[in-house]
Structure formats: C-alpha cells, structure tokens
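Structure assessment
Below are the chains, spelled out letter by letter.
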Amino acid sequence: MKKGYFVTLEGGEGSGKSTIINYIKDFLESDGKKVVITREPGGIDIAEQIRSVILDKKNTKMDGRTEALLYAAARRQHLVEKVIPSLNEGYIVLCDRFVDSSLAYQGYARGLGIKEVFSINKFAIGDLMPDLTLYLDLDPQIGLNRIAKNKGREINRLDLEEINFHINVREGYEEVVKMFPERMVRIDANQEIGKVVSDINKVLIEKLK
Ligand code: TYD
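Structural notes, computed from the coordinates.

Procedures and definitions
Residues numbered from 1 in each chain as written. Predicted model: local features only at pLDDT ≥ 70, side-chain atom pairs only at ≥ 80, totals over all residues. Heavy atoms only, no water. Helix = DSSP H or I, 4+ residues; strand = E, 2+ residues; numbered from the N terminus. Contact = heavy atoms within 4.5 Å. Pairing = 2+ DSSP bridges. Axes fitted to C-alpha atoms, helices over the stretch in contact; angles between N-to-C directions. Parallel < 35°, antiparallel > 145°, perpendicular 65-115°, else oblique. Left-handed = near helix turned anticlockwise from the far one by under 90°. Nonpolar A, V, L, I, M, F, W, Y, C, P; charged D, E, K, R; others polar. 1 Å grid on protein atoms, 1.4 Å probe; cavity = no way out; pocket = protein on both sides within 12 Å on 5 of 7 lines; lining within 4 Å. Points joined across faces, edges and corners; volume = space filled by probe spheres on them. Salt bridge = Lys/Arg side-chain N within 4 Å of Asp/Glu carboxyl O. Near = heavy atom within 4 Å. Polar contact = N/O pair within 3.5 Å; in protein donor to acceptor, adjacent residues only side chain to side chain. Areas by Shrake-Rupley, 256 points an atom, 1.4 Å probe, with all protein chains shown as cover. Sits in = over half its atoms within 2 Å of the grid points.

1. Quick word on the side chain of His78
With respect to the helices and strands, the residue His78 is situated in helix α3 (residues 64-88). With residues up to four places along the chain from it excluded, the contact list for His78 reads Thr38, Arg39, Glu40, Gly42, Gly43, Ile44, Ala47, Val83 and Cys95.

2. Things to note about the sheet that holds strand β5 (residues 184-188)
Sheet strands pair via backbone hydrogen bonds, and the direction of the pair is either parallel or antiparallel. Read across the sheet, five strands follow the order β2-β3-β1-β4-β5 without closing on themselves; strand pairing throughout is parallel. The open sheet is flanked by β2 (35-39) and β5, the only strands paired with a single partner. Strand after strand, the sheet turns through a mean of 20° between neighbouring axes, direction not considered. Bridge analysis of strand β1 (residues 5-11) against strand β4 (residues 132-137) gives five bridges, and the strand direction is parallel. Note on β4: the bridge partner recorded for Glu10 is Tyr135.

3. Re the packing of helix α2 (residues 45-55) against α3
For any two helices packed against each other, one specifies the crossing angle of their axes together with the interaxial distance. Between α2 and α3, the least distance of the axes is 9 Å, while the angle of their chain directions is 160°. Taken together, α2 and α3 sit at an angle that is classed as roughly antiparallel. The interaxial crossing formed by α2 with α3 has left-handed handedness. Taking contact as the criterion, the partners of Ile46, Ala47, Ile50, Val53, Ile54 and Leu55 in α2 are, on α3, Glu67, Leu70, Tyr71, Ala73, Ala74, Gln77, His78 and Glu81. In terms of residue class, the contact of α2 with α3 is made up of 10 nonpolar, two polar and two charged.

4. Observations regarding the layout of surface pockets
Counted as a void, the largest pocket has a volume near 920 Å³. Forming the boundary of the largest pocket are 38 residues, of which Glu13, Lys17, Ser18, Arg97 and Arg153 lie nearest the centre. For the lining of the largest pocket, the secondary structure elements donating two or more residues are α1 (17-30), α2, α3, α4 (99-109), α6 (140-149) and α8 (193-207). Split into classes, the residues belonging to the lining of the largest pocket amount to 11 nonpolar, 13 polar and 14 charged.

5. Considering the environment of Lys58
Following the sequence through the fold, Lys58 ends up in the loop between α2 and α3. Placed 99 residues apart in sequence, Lys58 and Arg157 show a C-alpha to C-alpha distance of 8.1 Å.

6. Considering the pattern of salt bridges
Pairing between side chains of opposite charge can happen when their charged atoms approach one another. Applying the stated criterion to the full structure yields 16 salt bridges. Note that Lys58 is salt-bridged to Asp56, the shortest N-O span being 3.1 Å. Two residues, Lys195 and Asp199, come together in a salt bridge whose shortest N-O distance is 2.7 Å. With Lys195 and Asp199 both in helix α8 and four residues apart, the pair spans about one turn of that helix. Each of the salt bridges in this network shares a partner with another, and the network as a whole consists of Glu67, Arg110 and Glu161.

7. Structural notes on the site of the ligand
Of all residues adjacent to the ligand, which total 16 residues, the nearest are Tyr71, Arg75, Arg97, Ser102 and Gln106. Within the side chain of Lys17, an N or O atom sits 3.0 Å from an oxygen atom of the ligand. Gln106 is positioned such that a nitrogen or oxygen atom in its side chain is 2.8 Å from a nitrogen atom of the ligand. Here the ligand has 540 Å² of accessible area as a free molecule, and 93% of this is covered by the chains. Cavity membership is defined here by more than half of the atoms lying within 2 Å of grid points; on that basis the ligand lies in the largest pocket. In terms of residue count, α4 provides more of the shell around the ligand than any other element does, four residues in total. Residues belonging to the shell around the ligand are distributed by class as follows: five nonpolar, four polar and seven charged.

Here you go:
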C-alpha cells in the first residue's frame with residue numbers, strides 16, 4: 001500500500017535538476033519528512049547497466065524504438081526495486097527524470113509519438129504516475145552553455161545532439177504539460193538558484209498540506 005508521495009523532476013539539459021533535488025531534500029527533511037533521492041535512467045544496479053548501454057557514445061546505431069524500450073525497461077526495474085518499496089514505507093521519493101522524459105525526448109523529439117511512447121510505458125509502470133512533477137523550464141541554449149562551463153560533467157550520447165533536438169525536447173515538454181495540467185508545475189529555471197528553490201518550496205508546501 002502506497003503511503004508516501006512521489007515527486008519527479010523534469011527538464012532539458014543543464015536545467016539544474018540534479019543540484020536542485022538536493023535542496024528540495026534538505027527543505028523537506030528540515031520539516032521532518034523522510035526523503036529518498038533517486039534518478040533515471042539508473043538508480044539501482046540493473047537500471048544503471050541499462051543506462052550505460054543507452055548513453056554510451058559508441059552506440060550511434062541505436063534505433064529510436066530500441067532507445068525508448070530500454071528506458072522503459074530501466075524504469076520498470078527501478079520502480080519495482082526502489083520507488084515502490086520506498087513509497088510503501090512512507091517516504092517522499094524525489095526522482096530526477098521519469099516517464100515525462102520519455103514522452104518529451106523519445107515521443108516528441110525523436111518523433112516516435114507521445115501516445116505511442118506512453119503506451120509502452122504504461123506496460124512498464126502500470127498506473128503508478130507521479131503525484132507531482134516539477135518541470136524546470138529553460139531555454140535550451142542557456143542549458144547547453146551551462147553544461148559547457150561545467151567541465152567536470154560527463155558528456156553523454158544525448159548531449160551530443162544538435163541544438164534543434166533540444167529545442168524539440170522543450171516543445172515536447174510543453175505538450176506533456178498540456179496533457180497533465182494537474183500533476184505538472186512549470187518552474188522558471190532561468191533565475192538564480194535561490195529563487196528557483198523558493199518557487200519549488202512554495203509548490204511543495206501547497207501540495208503537501
Ligand atoms: P543524464 O546524464 O542523467 O542527464 P541529465 O543530467 O540531463 O538528466 O542523462 C540522461 C539522458 O537521458 C538525458 O539526455 C535525457 C535522456 N532521457 C531520455 O531521453 N528519455 C528518458 O526516458 C530518460 C529517463 C532520460
């Protein structure tokens with residue numbers, strides 16, 4: 001039985017999800033909540049192995065549907081091994097990317113179709129959708145510039161896509177927000193980090209009331 005609360009973070013490259021997720025954790029823990037942070041693709045051993053196949057720069061031949069199916073497979077395993085048990089124990093689960101990444105990247109930007117990609121994902125996740133999704137919205141060029149400055153960050157196969165791909169990802173996210181207006185909250189990620197975090201904290205206070 002699910003007792004916890006499932007929050008996902010979404011956004012394009014360089015939108016700041018992985019930094020911001022730690023601030024959200026601190027905020028919730030200071031309010032006495034039990035919090036687990038995790039990420040996709042990955043989060044547990046089998047899903048990390050699938051992640052390395054998907055993101056390997058050598059795999060330039062990878063077909064779009066293969067990519068979508070691998071993300072869905074990694075998602076399934078991560079859900080079963082980590083997300084569901086944590087929710088059952090009453091944790092707030094903060095997950096860096098989830099199904100909406102597949103809808104925006106594979107469904108829209110790769111052109112496989114949002115509905116089609118959602119249908120293979122329904123097989124993977126059943127009816128376990130997030131309770132809340134924070135979408136960090138940012139001009140893709142600003143995001144890519146941030147990544148270029150952050151020299152320590154590993155560049156993966158999807159980072160190597162042209163700017164147009166990332167512009168399409170953003171358009172894809174806009175479509176997904178329209179599909180799920182109740183669940184998804186758009187956050188302006190082109191602000192200093194303190195402001196982004198305080199915008200998010202306001203949403204969390206409201207939703208967790
Ligand atoms: P990662 O290094 O985690 O990037 P980021 O820090 O931007 O989250 O790599 C994940 C990449 O995988 C990223 O380019 C987005 C992509 N992705 C998809 O295309 N579909 C998906 O379903 C997921 C979960 C990620």
